[in-house]
Amino acid sequence: MSGSGTTAGDDPLQTAVWRLRSRGCWTDAAALLAPHASSPDPALQRASLLVERCLFTGDGWPEAEDALRSAEAAAREDRERGAAACERGHLAYASTVLGVRDRADEARSALGRAAALLDPTAPGRALLDFRRGLVAEHLSDSPQSARAAYRRAHAAATAHGHTLLLSFTWRHLAGLALREGELAEARHGFGESLRIREELGYLVGTAPALAALADAEPEPEASRLRAEAARLFRLLGGVPTWLAEQLTPSPPAPVA
């Protein structure tokens, strides 16, 4: 997940899954994949959807764990095992950063296992590097390591056409720039992240992108952006849940 943000050709199943996912309907999207979940790739995609739901809603942990165990059991090749380990690391990260349960050691271990299994040139390395950046920034408080990981992820996402992932790498590189007072760089990165999400129709990620850009803009533009973010936030029923705090004048760093 957090990959291309596009559908696989004219595959009606993937088209339907993307439309549901982009609107925060992860459970419905996962249900479409359930009949195919005995195969490694659909099983992994289903688990990814339910892990993303946990990060955005703070809910659904047992369902995500069950789906992830199924994906791990279905994996047969190193690529599949590595991708499943990457999802396990992301689930553990989400649990830790949202304060559900401290699973930081599990997150680091799982992502390290994924790095050992995935070929350095594999398309899945972009997402892995991004998630290792998240752990470095938000769990280890190591912005330099996070920046290096985000840059690797950004370069690999560009090379492999992972458009949606680019919106995440732009966003987090911009967040680090903002922490260092580099306002022009931060505005550019946040603006690129927002542009990509709007172009892809990634509605559930558009409100966080608007709020992030607001942090780097002066008034009255900052208030306008936050008001638009708040409107989308309400439209989606308060998802992502952590955005409620980010819509305050001094928000915390984003977690997704």
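Just above, that's the structure.
Residues numbered from 1 in each chain as written. Predicted model: local features only at pLDDT ≥ 70, side-chain atom pairs only at ≥ 80, totals over all residues. Heavy atoms only, no water.

(A) Quick peek at the overall build of the protein chain. Tallying secondary structure elements over the protein chain gives 13 helices and 0 strands in all. Ordered by position in the sequence, the α and β elements of the protein chain form the string α-α-α-α-α-α-α-α-α-α-α-α-α. Computed over C-alpha atoms, the radius of gyration of the protein chain comes to 17 Å, within 12% of the 18 Å expected from 2.2 N^0.38 for 256 residues, which places it in the range of a compact globule. Its C-alpha atoms put the protein chain at 55 × 35 × 35 Å along the principal axes. The buried share of the protein chain, taken over its 256 residues, is 53%. In the protein chain, of all internal contacts separated by at least 6 residues, the share reaching a separation of at least 24 is 56%. Counting every atom, the protein chain has about 11,000 Å² of accessible surface; 52% of that belongs to carbon and sulfur. If the 29 positive side-chain charges of the protein chain are averaged to one point and the 33 negative ones to another, these points end up 1 Å apart. (Helix = DSSP H or I, 4+ residues; strand = E, 2+ residues; numbered from the N terminus. Rg over C-alpha atoms; globule rule 2.2 N^0.38 Å. Buried < 20%, exposed > 50% of the residue type's maximum accessible area, 1.4 Å probe, protein only. Contact = heavy atoms within 4.5 Å. Areas by Shrake-Rupley, 256 points an atom, 1.4 Å probe, with all protein chains shown as cover. Lys, Arg positive; Asp, Glu negative; His and termini not counted. Charge placed at Lys NZ, Arg CZ, Asp CG, Glu CD.)

(B) Seen up close, the pattern of salt bridges. Taken as a whole and judged by the stated rule, the model has 22 salt bridges. Members of the salt-bridge network, linked through shared partners, are Glu65, Glu72, Arg88, Arg103 and Glu106. (Salt bridge = Lys/Arg side-chain N within 4 Å of Asp/Glu carboxyl O.)

(C) Expanded view of the packing of helix H3 (residues 40–57) against helix H5 (residues 78–97). Two elements in contact, H3 and H5, have axes whose closest approach is 10 Å; the angle formed by their N-to-C orientations is 10°. As the angle between them shows, H3 and H5 are arranged roughly parallel. Along the contact surface, H3 presents Pro40, Asp41, Leu44, Ser48, Val51, Cys54 and Leu55, while H5 presents Arg79, Glu80, Ala83, Ala84, Glu87, His90, Leu91, Ala94 and Val97. (Axes fitted to C-alpha atoms, helices over the stretch in contact; angles between N-to-C directions. Parallel < 35°, antiparallel > 145°, perpendicular 65-115°, else oblique.)

(D) Spatial organisation of the environment of phenylalanine 56. Tracing the backbone through its elements, the reader meets phenylalanine 56 in helix H3. Classification of phenylalanine 56 as buried rests on a relative accessible area of 3%. Taking the C-alpha atoms as reference points, phenylalanine 56 and glycine 24, 32 residues apart in sequence, are found 8.4 Å from one another.

(E) Fine view of the side chain of arginine 125. Mapping arginine 125 onto the fold places it in helix H7 (residues 124–139). For the buried arginine 125, which has no salt bridge, the nearest side chain bearing the opposite charge is aspartate 129, at an N-O separation of 4.7 Å. In this structure arginine 125 touches Ala115, Leu118, Asp119 and Pro120, once residues within four positions along its chain are discounted.

(F) Structural detail: helix H8 (residues 143–160). Its 18 residues place the ends of H8 25 Å apart at the C-alpha level, agreeing with the 26 Å of an ideal helix rising 1.5 Å per residue. Buried residues belonging to H8 abut H7 and helix H9 (163–179). Immediately downstream of H8, the backbone of glycine 161 shows phi near 70°, a positive value. (Expected span 1.5 Å × (residues − 1).)

(G) The packing of helix H10 (residues 183–200) against helix H11 (residues 203–216), seen in detail. Contact geometry for H10 and H11: axes closest at 9 Å, N-to-C directions at 160°. By the angle class used here, H10 and H11 are roughly antiparallel. You can see that H10 and H11 cross each other, and the crossing is left-handed. Where H10 abuts H11, its residues Leu183, Ala186, Arg187, Phe190, Gly191, Ser193, Leu194, Arg197 and Glu198 lie against Gly205, Thr206, Pro208, Ala209, Leu210, Ala212, Leu213 and Ala216. (Left-handed = near helix turned anticlockwise from the far one by under 90°.)

(H) Looking closely at unusual backbone geometry. Glutamate 219 connects to proline 220 through a cis peptide bond whose omega is 5°. That bond from valine 239 to proline 240 is cis: its omega, 0°, falls within 30 degrees of zero. Among the secondary structure elements, proline 240 is positioned in the loop between helix H12 (221–235) and helix H13 (243–246).

(I) Inspection of the environment of serine 38 at higher detail. As for its placement among the helices and strands, serine 38 is situated in the loop between helix H2 (26–33) and H3. Through-space distance from the C-alpha of serine 38 to that of valine 51 is 18 Å; in sequence the pair is 13 residues apart.

(J) Layout of the environment of glutamate 185. By secondary structure assignment, the location of glutamate 185 is in helix H10. With a relative accessible area of 47%, glutamate 185 lands in the partly exposed category. Between the C-alpha atom of glutamate 185 and that of alanine 174, which follows or precedes it by 11 residues, the distance is 6.5 Å.

(K) Helix H6 (residues 104–117), seen in detail. The end-to-end C-alpha distance of H6, which contains 14 residues, comes to 20 Å, matching closely the 20 Å that a straight helix rising 1.5 Å per residue would cover. Every buried residue of H6 is listed here: Ala104, Ala107, Ala110, Leu111, Ala114 and Ala115. End-on view of H6: buried residues confined to an arc of 145°, all on one side of the axis. In H6, the exposed residues that point more than 90 degrees away from the buried face are Asp105 and Ala116. (Arc of directions from axis to C-beta.)

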